[in-house]
Amino acid sequence: MPELPEVETVKRELEKHLLNQKIIALEATYPRMVLTGFENLQKELTGRTITGLSRRGKYLIFEFADEFRLISHLRMEGKYRLANLGEISQKHDHIAVKFADKQLVYNDVRKFGTWELLAAEQEDAYFLSKKLGPEPTYADFDCHIFAEKLQKSSKKIKPFLLEQSLVVGLGNIYVDEALWRAQIHPETQANHLTKLEVQSLHTAIIELLQEAIELGGSSIRTYSALGEPGRMQEKLQVYAKTGDPCPRCLTPIQKIKVAGRGTHFCPKCQQKRL
DNA sequence: ATTATTGTTCTCCA
DNA sequence: GTGGAGAACAATAA
């Protein structure tokens, strides 16, 4: 389940190995994952050079000069690996991008991940249509705007944060961690949050995600980035810690369902209010 | 055999 | 317009 820190880690790793690499060929065993059509992708990108890697929220972007943008979303289990040419393909490998002396392989057990090839000038419109919120940095993520949006909604805070419209980057793991840090019950209505809680949540989200990026993301379940495994999983306080003592007050961590998602929280430091 | 899993999008309903 | 519930996508593990 790559969330923003994991995608950023993959982006940095790919940047090291793929910058200025020319694509010799593209092969697909699951062409359906290219929503804009694999044949078209093959036609447009063969012979082209990767001039940059970037990221917006959980979307990974391969840049081809000012011509094309390949938007890759890993959804829940998408992974990239770099391999020697001629490496035997593995189960759930879907696409291989061949370079002169190596290949980039996309593997996805769930087949939920997608690729979309856009003309470079369509990129802004694409992300606008996704209604993405700001990046989780002090520079982009304004606390007052955040507070105003929360004020106007009676949605439960956890599912609201997962929508990516308040701020991008949180998934099921980091959202539980952020709410624990800010001591907010995941089912609290957005417009019932106090000024102080909003500020605390704002800070928690930025600090948590930036810290996770610095540690190379979390390598848990089946997810691991290219290169070194991430170390953020060692810092997780509530996710998958059901029954363990809360690091703050020692009350056992509870697991409930919120909006259909497994949700971990401390019933003592994250009390539900009306 | 049934259920849970996770990100996003979509449909149906109150 | 709201927002909640549930489903869909696919595969695997318990």
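Residues numbered from 1 in each chain as written. Chains lettered and ligands numbered in written order. Predicted model: local features only at pLDDT ≥ 70, side-chain atom pairs only at ≥ 80, totals over all residues.

Our next topic: the sheet that holds strand β4 (residues 68-73). Taken in spatial order, the four strands make up an open sheet running β2-β3-β4-β8, and their pairing is antiparallel. Edge positions in the open sheet fall to β2 (52-56) and β8 (114-119), since each of these has one partner strand only. If you compare each strand with its neighbour and ignore which way they point, the axes differ by 25° on average. Direction of pairing for strand β3 (residues 59-64) relative to β4: antiparallel, over a ladder of six bridges. (Pairing = 2+ DSSP bridges. Helix = DSSP H or I, 4+ residues; strand = E, 2+ residues; numbered from the N terminus. Axes fitted to C-alpha atoms, helices over the stretch in contact; angles between N-to-C directions.)

This part covers the protein's contact with DNA strand C. Near DNA strand C the following residues occur: K91, V109, R110, K111, F112, S153, S154, K155, K156, P159, A259 and G260. Residues of the surface near DNA strand C, tallied by class, amount to four nonpolar, three polar and five charged. (Near = placed C-beta within 6 Å. Nonpolar A, V, L, I, M, F, W, Y, C, P; charged D, E, K, R; others polar.)

Now for the protein's contact with DNA strand B. What surrounds DNA strand B is the set M1, E3, K58, R75, M76, F112, K130, Q164, G171, N172, R261 and G262. Partitioning the surface near DNA strand B into residue classes produces three nonpolar, four polar and five charged.

With respect to the helices, strands and loops of the structure, Y30 is situated in the loop between β1 (25-28) and α2 (38-45). Owing to 15 C-beta atoms within 10 Å, Y30 belongs among the partly exposed residues under this scheme. Separated by 52 residues in sequence, Y30 and L82 place their C-alpha atoms 18 Å apart. If we ignore the near neighbours within four places in the chain, the residues touching Y30 are H94 and K111. (Buried ≥ 20, exposed ≤ 12 C-beta atoms within 10 Å, placed from the backbone. Contact = placed C-beta atoms within 7 Å.)

Moving on to the environment of Q210. As for its position among the elements, Q210 is in helix α7 (residues 195-214). Placed 205 residues apart in sequence, Q210 and P5 show a C-alpha to C-alpha distance of 7.5 Å.

As summarised here, the arrangement of the four strands in space is β1-β6-β7-β5, forming an open sheet in which the pairing is antiparallel. This sheet does not close on itself; its edge strands, each paired only once, are β1 and β5 (79-83). Along the sheet, successive strands turn relative to each other by an average axial angle of 15°, direction set aside. By the bridge criterion, five bridges tie β5 to strand β7 (residues 103-107) in an arrangement that is antiparallel. Its bridge partner being in β7, L82 is matched across the sheet by L104.

What follows is about the domain arrangement of chain A. Entries for chain A in the domain assignment read domain 1 (4-129) and domain 2 (143-265). Here the C-alpha centroids of domain 1 and domain 2 sit 28 Å apart. On the domain 2 side, the residues contacting the 14 residues of domain 1 number 16 residues. For the side of domain 1 that touches domain 2, the secondary-structure elements that each account for two or more residues are α1 (4-18) and β5. It is α1 that provides the largest number of residues to the side of domain 1 that touches domain 2, a total of seven residues. The residue inventory of the side of domain 1 that touches domain 2, partitioned by class, reads six nonpolar, two polar and six charged. (Domains from an automatic or database assignment.)

Within the secondary structure layout, E6 lies in helix α1. A residue is classified by how many C-beta atoms lie within 10 Å of it, and E6, with 28 of them, is buried. Sequence separation between E6 and L215 is 209 residues, and the spatial gap between their C-alpha atoms is 9.8 Å.

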